[in-house]
Amino acid sequence: MNIVTSHVSTLLNNPLCGHHLVNDQGLIVDINDTLLEWLGYERNEVVGKIKFTDLMDGNGRLAFQKHFDVYCNAADFSERMGLILFRKNGTSLPVILNVIPVEDGDVNGVKKLYSTLDNSECRQALDKINNLNQELEAFTYSVSHDLRAPLRSIDGYCRILQEDYGEKLDEEGRRILNVVMNNAKRMGKLIDDLLDFARLGRKGVQRSKVHMTGLVNNVVRELLMQEPEGKINITIGDLHTTFADMDMLRQVWISLIENAIKYTGKHPSPKIEISSFTDDAGDICFKVKDNGVGFDMKYASKLFGVFQRLHKMQDFSGTGVGLAIVKRIISRHDGRVWAEGILNEGAVFYFSIPNSDGN
């Protein structure tokens, strides 16, 4: 072994990542010391004796074959994915795997070169985040649910006071009583919104083919029934069909269109336009444009946060949860939300959903 070969061998066997080679039968024909140490095997237990897929469970093997074996024919192919490997003692090892095909004709029949990164710390951190999110959702749900009982008592006693003793109260007393009842009503709506927000973390996404034009027409029809003056002009384009959870998207459309109706309410000729398009990445984007009060773009980052409001309560009602629910729903569909606005000239709200054939 010359000095160059020696240094190459040292470099391959002592890096911060694992390396191994497989032949056209999938057998491991070489593996570095790092990966052997992670897996707990001796070299003679692995080389030429087991397939790399033997280190995975059934689901991992299927995912691996889908990502690598199917698409790994081109010489310039390079791909990576997250996998769970199993050590000799049966414990799991989360890894990030990279593969590069080796040209045909190798004398040892080597077909693919893999490099492996230990993903344990990242996986543990992600698990902790998920656990904390679940605890927060459970806490939010519990607190919101428990607040209902005292709120019902406050509202109930106020109504008794109003019905039985209203005539004995002076004008200021009746005003104060109305303030208490209105705030109880607002808090009830806030609790409902918080419960909806918490439920989203518990509910699975049930994807199906959604005809957006029909869905939006139904939502608009229902919302306009609450606007007796009928002065709002809403234009709905021919919207793209998508694969998503229809009930969740219905909530998205209700929130966005309700907002547009609310914030155009003071305009002499309120106008709302709803349309869709595909972006450069091929995702389907939906757009709700209005000519209402708009907002200052320097506050755009606050729009989709819980309890964030850009307008005074006395000017526009609301709890500040609706857009947070929109963001959460679209995030669960692997999409994104964003908005553009000009103060006193209107706003445009967007959300995108990855284009899919339903698979």
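This text follows the structure it describes.
This is a predicted model, so every value here is computed, not measured. (Residues numbered from 1 in each chain as written. Predicted model: local features only at pLDDT ≥ 70, side-chain atom pairs only at ≥ 80, totals over all residues. Heavy atoms only, no water.)

Novice: If you had to explain the overall build of the protein chain to someone new, which residues and values would you point to?
Specialist: Counting secondary structure elements, the protein chain contains 9 helices and 12 strands. Out of the 359 residues in the protein chain, the part that is buried amounts to 35%. Within the protein chain, counting contacts between residues at least 6 apart in sequence, those at least 24 apart form 59% of the total. With the model as given, the accessible surface of the protein chain reaches about 21400 Å², and the carbon-plus-sulfur share is 51%. (Helix = DSSP H or I, 4+ residues; strand = E, 2+ residues; numbered from the N terminus. Buried < 20%, exposed > 50% of the residue type's maximum accessible area, 1.4 Å probe, protein only. Contact = heavy atoms within 4.5 Å. Areas by Shrake-Rupley, 256 points an atom, 1.4 Å probe, with all protein chains shown as cover.)

Novice: Go over the nonpolar core, please, and point to the residues and values.
Specialist: Among the nonpolar cores identified, the biggest contains 41 residues, and M212, L249, W253, I257, I274, F349 and F351 are the most heavily contacted of them. Mapped onto this core, the elements with two or more residues apiece are α7 (212–224), α8 (246–263), β9 (271–278), β10 (284–290), α9 (322–332), β11 (336–342) and β12 (346–353). With 9 residues, α8 is the largest single contributor of residues to this core. (Core = buried A, V, L, I, M, F, W, Y, C linked by side-chain atoms within 4.5 Å.)

Novice: So what's going on with the pattern of salt bridges? Which residues, and what values?
Specialist: Using the criterion set out here, one finds 8 salt bridges in the structure. For E222, the salt bridge is made with R250, and the minimal N-O distance between the two is 2.5 Å. With a gap of 28 residues between them, E222 in helix α7 and R250 in helix α8 connect regions that are remote in the sequence. A relative accessible area of 26% means that R250 is categorised as partly exposed. (Salt bridge = Lys/Arg side-chain N within 4 Å of Asp/Glu carboxyl O.)

Novice: How would you sum up the side chain of T242? Please name residues and give values.
Specialist: Relative to the assigned elements, T242 resides in strand β8 (residues 242–244). On the basis of relative accessible area, T242 is assigned to the buried category, the value being 2%. T242 has contacts with S208, K209, V210, M212, L249, I284 and I353, leaving out every residue within four places of it along the chain.

Novice: Can you break down the packing of α8 against α9 residue by residue, with the values?
Specialist: Where α8 meets α9, the axes come as close as 9 Å, and the angle between the chain directions of the two elements is 145°. The two elements α8 and α9 cross, and the hand of that crossing is left-handed. Contact residues: M248, L249, Q251, V252, S255, L256 and N259 in α8; G322, L323, I325, V326, I329, I330 and R332 in α9. Its residues assigned to classes, the contact of α8 with α9 comprises 9 nonpolar, 4 polar and 1 charged. (Axes fitted to C-alpha atoms, helices over the stretch in contact; angles between N-to-C directions. Left-handed = near helix turned anticlockwise from the far one by under 90°. Nonpolar A, V, L, I, M, F, W, Y, C, P; charged D, E, K, R; others polar.)

Novice: Residue-level account of the environment of S352, with values.
Specialist: Among the secondary structure elements, S352 is positioned in strand β12. The class of S352 is buried, set by a relative accessible area of 1%. Along the backbone, S352 and V337 are 15 residues apart, and their C-alpha atoms lie at a distance of 6.6 Å.

Novice: Let's hear about the sheet that holds β11: which residues, and what values?
Specialist: Sheet strands line up and pair through hydrogen bonds in the backbone, either parallel or antiparallel. One open sheet accounts for 5 strands, arranged β7-β9-β10-β12-β11; its pairing is mixed. Of all the strands in the sheet, the pair left with one neighbour each is β7 (233–236) and β11. The average angle at which neighbouring strand axes cross in this sheet is 15°, direction not considered. In this sheet, β12 lies alongside β10 in antiparallel orientation, the contact comprising 7 bridges. Each bridged residue has a counterpart across the sheet, and for K289 the counterpart in β12 is V348. In this fold α8 packs onto β7, β9, β10 and β12, with an angle of close to 170° to the strand it touches most, β12. In the packing of α9 onto the sheet, contacts are made with β11 and β12, and the angle to β11 comes to roughly 140°. (Pairing = 2+ DSSP bridges.)

Novice: So, α8: which residues are in play, and what are the values?
Specialist: The periodicity of an α-helix, 3.6 residues per turn, causes residues three or four positions apart to be oriented the same way. The end-to-end C-alpha separation of α8 is 26 Å, in line with the 26 Å expected for 18 residues at 1.5 Å each. When α8 is considered as a whole, its buried residues turn out to be M248, L249, V252, W253, I254, S255, L256, I257, N259, A260, I261 and Y263. One side-chain oxygen at the N-terminal end of α8 lies 3.1 Å from the backbone nitrogen of D247; it belongs to D245. (Expected span 1.5 Å × (residues − 1). Polar contact = N/O pair within 3.5 Å; in protein donor to acceptor, adjacent residues only side chain to side chain.)

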